[in-house]
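Letter by letter, the chains look like this.
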Amino acid sequence: MIAPTVAITSRGLERLASGHVWIYRSDVLSASGIEPGVVRLVDKKNQFWGQALYSDKSQIALRLLTREERPFDAAFLAERIRAAAAFRQQVVGGAQAFRLVASEGDLLPSLIIDRYGDCLVIQTLSQGMDRLKSTVVEILQKEYTPRAILERNDAAVRALEGLPEQSGLLAGEDPGEVVVEENGVKICFDLQHGQKTGGFLDQRENRAAAANYAHGRALDCFTYTGGFALALAPHCDAVLGVDSSGDALRQAARSQSLNGFTNLEWKEANCFDFLKCADQEKQRFDTVVIDPPAFARQKSSRESALRGYKELNLRALKILNPGGYLITCSCSFHVSEADLLEVIANAALDAHRTVAVVERRTQSRDHPILLTVPETHYLKCLILRVL
Ligand code: SAH
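Residues numbered from 1 in each chain as written. Predicted model: local features only at pLDDT ≥ 70, side-chain atom pairs only at ≥ 80, totals over all residues. Heavy atoms only, no water.

(A) A look at the environment of Ala305. The topology assignment puts Ala305 in helix α9 (residues 302–318). Taking the C-alpha atoms as reference points, Ala305 and Ala294, eleven residues apart in sequence, are found 8.3 Å from one another. Here Ala305 is in contact with Phe295, Ala296 and Val335, once residues within four sequence places are set aside. (Helix = DSSP H or I, 4+ residues; strand = E, 2+ residues; numbered from the N terminus. Contact = heavy atoms within 4.5 Å.)

(B) Main features of the sheet that holds strand β10 (residues 148–153). Read from one edge to the other, the open sheet built from five strands follows the order β7-β8-β9-β10-β11, with strand pairing classed as mixed. With one partner strand each, in any of the chains shown, β7 (97–102) and β11 (166–172) form the two edges of the open sheet. Averaged over neighbouring strand pairs, the angle between their axes works out to 20° when direction is ignored. Summarising the sheet, strand β8 (residues 111–116) and strand β9 (residues 119–124) pair through six bridges and their orientation is antiparallel. Its bridge partner being in β9, Arg115 is matched across the sheet by Leu120. (Pairing = 2+ DSSP bridges. Axes fitted to C-alpha atoms, helices over the stretch in contact; angles between N-to-C directions.)

(C) Inspection of the pattern of salt bridges at higher detail. Within this structure, the stated rule accounts for 26 salt bridges. Arg147 serves as the salt-bridge partner of Asp118, at 3.1 Å between the closest nitrogen and oxygen. A residue pair is termed long-range when its members are at least 10 positions apart, and Asp118 in the loop between β8 and β9 and Arg147 in the loop between α4 (133–144) and β10 qualify at 29 residues. For Arg147, a relative accessible area of 27% gives the class partly exposed. Overlapping salt bridges bring together Asp279, Glu311, Arg315 and Lys318 as one network. (Salt bridge = Lys/Arg side-chain N within 4 Å of Asp/Glu carboxyl O. Buried < 20%, exposed > 50% of the residue type's maximum accessible area, 1.4 Å probe, protein only.)

(D) Broad picture of the environment of Phe72. Along the chain, Phe72 turns up in the loop between β6 (60–66) and α2 (74–91). Accessibility expressed as a relative area gives 9% for Phe72, which makes it buried. Apart from residues no more than four positions distant in its own chain, Phe72 is found in contact with Val38, Gln51, Leu65, Thr66, Leu77, Arg80, Leu108 and Leu132.

(E) Molecular detail of the layout of surface pockets. In this structure, the second largest pocket occupies an estimated 280 Å³ of space. Together, 14 residues line the second largest pocket, and Met1, Ile2, Ala3, Val38 and Gln51 are the ones closest to its centre. No other element matches strand β4 (residues 37–42), which puts three residues into the lining of the second largest pocket. Of the residues contributing to the lining of the second largest pocket, the split by class is eight nonpolar, two polar and four charged. (1 Å grid on protein atoms, 1.4 Å probe; cavity = no way out; pocket = protein on both sides within 12 Å on 5 of 7 lines; lining within 4 Å. Points joined across faces, edges and corners; volume = space filled by probe spheres on them. Nonpolar A, V, L, I, M, F, W, Y, C, P; charged D, E, K, R; others polar.)

(F) Layout of the side chain of Glu205. Among the structural elements, Glu205 can be located in helix α5 (residues 204–213). A relative accessible area of 15% places Glu205 in the buried class. In terms of polar contacts, Glu205 uses its side chain to reach the side chain of Arg365, at 3.0 Å. Ignoring anything within four residues of it in the chain, the contact list for Glu205 reads Val91, Arg361, Gln363, Ser364 and Arg365. (Polar contact = N/O pair within 3.5 Å; in protein donor to acceptor, adjacent residues only side chain to side chain.)

(G) Quick peek at the side chain of Glu104. One can find Glu104 in the loop between β7 and β8. Setting aside its immediate chain neighbours within four residues, Glu104 contacts Val21, Trp22, Arg63, Pro109, Ser110, Leu370 and Thr376.

(H) Molecular detail of α4. The terminal C-alpha atoms of α4 lie 16 Å apart, and with twelve residues this matches the ideal 16 Å at 1.5 Å per residue to within 8%. Within α4 the residues assigned to the buried category are Lys133, Val136, Val137, Ile139, Leu140 and Tyr144. What you see down the axis of α4 is that its buried residues fit within an arc of 165°, all on one side. Seen from the open side of α4, the exposed residues pointing more than 90 degrees away from its buried face are Glu138 and Lys142. Positive phi appears at Thr145, one or two residues downstream of α4, with a value of about 35°. (Expected span 1.5 Å × (residues − 1). Arc of directions from axis to C-beta.)

Scope: geometric values only; no functional claims are made or implied.
What follows is the structure, encoded as C-alpha cells:
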C-alpha cells in the first residue's frame, strides 16, 4: 500500500536539512483528509523528501521516519527495533532493566520500549505510532517472547495528540512485582502503577557513578523508589531517602528488605522543606543526591526552574561536610548544562563553599542523544566535590 502524501513548506525542508526530525503544523502545505499514520513527504513541486508519522492534532504534525522511499512496513519497523537492541547489547552491560527503544534517539519517534527483566513496557506517544501499536507488539512477541508486554500510555503528552490515557496488559500474563538487579542491587518495580514505565532508567549509569564517590552519611532527595539510595547503601554508613510519594517509599522499603540493607531510612516529605529544616538544624551529610522532577517543562518556566535548582543546590551545599559529594541532576530540557553550572556556582558562592566539578554526566547511553535533535539531550547530572 502506498502511503498518502503530505506537502511541506521550504521552511519545513530546511528543518529536515538541518538534521531535525520534527515538522510543525505551520509548515504543512496540504494534508486535508489525510489519516494519521505513515505518510510520504514532498515539497511543493511534488519531489519526495522522506516518510514521516503524521498527526492531525499535535503542533508537531510530522515526525520523520526515514529519508528512504522503501515502504515503512512491519519489516522496516522490526529492523529498526533490532538495530536499537543491538546497540543496547554494547552499552548496557549486564543490566536487566534498560530502554530498548528510545523514540527519536532510535529513529522511532514517539515509541518507547523499556525492558524490565523478562517484561516489556511500551508507550506510543503520537497518533501515527499509536496506530502501529499492534505491529510493535507482534514484533516484540516474535523477537523476545516476553512474559508480559504492557502499555503505559497514561502519559499526559498523549492529550496533545488527542489520544486517550490508557494502560494495561497487551500480551502475556500479569507481571506482578518485577525484581531486577541493577549495579548489583535488587530493585522491585511496579510496571502497572509506578511513574513513567515503572522506573527512571535514564539514571542507571549515574546511580552507578554516584556509588563510586558515596561515603559516610548520605541523603537522597527525590528518591522515588530509592534508586540512588539503594545504590549508595553498600558504600555508606547511613542513607536517608526523601520523597513526597508514600507509595514510592513503600516500594523503596520493599527493595531494601530484598537486599537486607539495614542502613537505610525513608522519609515522606517535601524536599524543599526537608532541606531547609536540615540546614536550620545544622545536620551534616557526606553525600547528597538531588534528582528532582523536571521544573521547566516549557521554555516559559525556565526562570522559575532556575530559582528552584538554586534553592535546592544552595541548601545541599550548606549541609555537606568538607570532602563531601553533591550529585545533582536536572531533567529539564529548557535548562542547559551551562545554566545548571552557573546556578550551582552562584549557590556555592552564597554557601561560602569551594566546589570542584568531578564529573559532567548525562542520561544513560540507552537513551541516545542525536547531534542534530537537541531535544534528545535532556538529562544533566553533575558530580561535585566540596573542598
Ligand atoms: N531519583 C529517582 C527518580 C526521581 S523522580 C530514581 O533514581 O529513581 C522525581 C521524584 O520526585 C518522584 O518520586 C516524585 O514523587 C518526587 N517529588 C516531586 N516533587 C517533590 C517534592 N517537592 N518533594 C519531594 N519529592 C518530590
